[in-house]
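# Close look at the chain arrangement
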Amino acid sequence: MNYQINSTVGLGSYGVLYLATSFQTGKEVVIKQLRKRKHTNEGMESFEREALLLQQLSHPAIPKYVDYLVFQNKPYLVMSKMKGVSLDQLIFQQKRVFSKRESFQFCEDLLKVVQYLHHFGIVHRDLRPPNILLDNNDIAVIDFGLAQFMKRENKESPDSLMRECHPRSDFYAIGHTLLFVLYSGYTPSARKKKSWEEELEDLTTEEIRFIRKLLQIEAPFENVSQVLSSLRSILQKL
Ligand SMILES: Nc1ncnc2c1ncn2[C@@H]1O[C@H](COP(=O)(O)OP(=O)(O)OP(=O)(O)O)[C@@H](O)[C@H]1O
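In what follows, the accompanying structure is described. (Residues numbered from 1 in each chain as written. Predicted model: local features only at pLDDT ≥ 70, side-chain atom pairs only at ≥ 80, totals over all residues. Heavy atoms only, no water.)

This paragraph deals with the overall build of the chain. Secondary structure assignment for the chain yields seven helices and 10 strands. A compact globule built from 238 residues would reach a C-alpha radius of gyration of about 18 Å, and the chain, at 19 Å, matches this within 12%. In terms of its C-alpha atoms, the chain occupies a principal-axis envelope of roughly 55 × 45 × 35 Å. In the chain, which comprises 238 residues, the share counted as buried stands at 46%. The long-range share in the chain, meaning contacts at least 24 apart out of those at least 6 apart in sequence, stands at 59%. Accessible surface for the chain amounts to roughly 13000 Å². Of this, 49% is attributable to carbon and sulfur atoms. (Helix = DSSP H or I, 4+ residues; strand = E, 2+ residues; numbered from the N terminus. Rg over C-alpha atoms; globule rule 2.2 N^0.38 Å. Buried < 20%, exposed > 50% of the residue type's maximum accessible area, 1.4 Å probe, protein only. Contact = heavy atoms within 4.5 Å. Areas by Shrake-Rupley, 256 points an atom, 1.4 Å probe, with all protein chains shown as cover.)

This is the structure in structure tokens:
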């Protein structure tokens, strides 16, 4: 191997992640090893797809493809290390509280990365808080293990709203992630369980409508430009 393994950074459902240094460049990299129980055709296919997709992308908020190698019969994907702490760690462990403006601003930053992906016909399909890193206000999107090329409209109903190969599955995940961020500033006042619309009481009608469209409770957005233009109208008023 041309890499010095320094530590383990994460254990996902698909991969074991190592932090390493490239002997060639001296740069820090992240190496993803496909877990043994994922050495199935499907597991290998999605691992190779992740490598292929990263190879085609070049964006400061997305890991750069460095290498793909097979060592002792095991495949490894080498990519650049992104800076930052995952959104769930930031909120749960570091107790970061986002104001409403910061939450919607974060949403715009995330959408700009998603705009880049959708422009290439790629849907991420896993835009959950653990897959979004923040380094101060710089965002990074990781884990392209479920990313796919968009498909033509499918008449069958999808397994889950987050896994459709359509832009709206990313919008659906962004809706949930935005709520997660907005809830960082929420302290429950009553024991009774209420809906998010009741609990996040300082949301305006326009903001609620925006989130409902992301979550497909109301007619969904069809493309990222529509989402960004609604979001910018909200941000102008904040
Ligand atoms: N390019 C990267 N830069 C920095 N950290 C990374 C990078 N890729 C992965 N990580 C770290 O490793 C962890 C697991 O990586 P990843 O989510 O890609 O694995 P996975 O097996 O697909 O996980 P999951 O179970 O969420 O699908 C991440 O939560 C993150 O902490």
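Moving on to the packing of aromatic side chains. Applying the stated criterion across every chain yields a total of seven aromatic pairs. What links up through ring pairs into an aromatic cluster is the set Phe104, Phe210 and Phe221. The ring centre of Phe98 lies 4.1 Å from the NZ or CZ of Arg96, which sits over that ring. In this structure, Lys213 packs its charged tip against the face of Phe221, placed 4.9 Å from the ring centre. (Phe/Tyr/Trp six-rings, centres within 6.5 Å; stacked < 30°, edge-to-face > 60°. Lys NZ or Arg CZ within 6 Å of the ring centre and 35° of its normal.)

We now examine unusual backbone geometry. Even without being a glycine, Gln72 presents a positive backbone phi close to 45°. With a relative accessible area of 64%, Gln72 lands in the exposed category.

In the region of the ligand, 17 residues are neighbours, and Ser13, Tyr14, Gly15, Met82 and Asp143 sit closest. One nitrogen or oxygen atom from the side chain of Arg128 is found 3.4 Å from an oxygen atom belonging to the ligand. Coverage of the ligand by the protein amounts to 83% of the 620 Å² it exposes when considered alone. Counting only elements with at least two residues in the shell around the ligand, the list comes to β2 (15–22), β3 (28–34) and β5 (74–80). (Near = heavy atom within 4 Å. Polar contact = N/O pair within 3.5 Å; in protein donor to acceptor, adjacent residues only side chain to side chain.)

This part takes up the environment of Tyr65. Assignment of secondary structure puts Tyr65 in strand β4 (residues 65–71). Judged by relative accessible area, Tyr65 falls into the partly exposed class, the value being 24%. The spatial distance from the C-alpha of Tyr65 to the C-alpha of Leu54 is 5.3 Å, given a sequence separation of 11 residues. A polar side-chain atom of Tyr65 sits 3.2 Å from the main-chain amide nitrogen of Tyr68.

Moving on, we come to the nonpolar core. If you look at the biggest cluster of nonpolar residues, it comprises 58 residues, and the most contacted ones within it are Phe104, Leu111, Phe210 and Ile211. When residues of this core are assigned to their parent elements, the largest contribution, nine residues, is made by helix α3 (residues 100–119). Those residues in contact with Leu111, other than ones at most four positions away along the chain, are Phe171, Ile174, Val224, Val227, Leu228 and Leu231. Counting residues in hydrophobic clusters, the runner-up holds nine residues, among them Tyr3, Ala20, Val29 and Leu69. (Core = buried A, V, L, I, M, F, W, Y, C linked by side-chain atoms within 4.5 Å.)

Let us look at the sheet that holds strand β6 (residues 85–86). An order of β6-β8-β9 is seen for the three strands of this open sheet, with the pairing classed as antiparallel. In the strand order of this sheet, the two ends are held by β6 and β9 (138–141), each with one partner. Pairing geometry for β6 and strand β8 (residues 132–135), over two bridges, is antiparallel. When the bridges of β8 are listed, Val85 appears paired with Leu134. (Pairing = 2+ DSSP bridges.)

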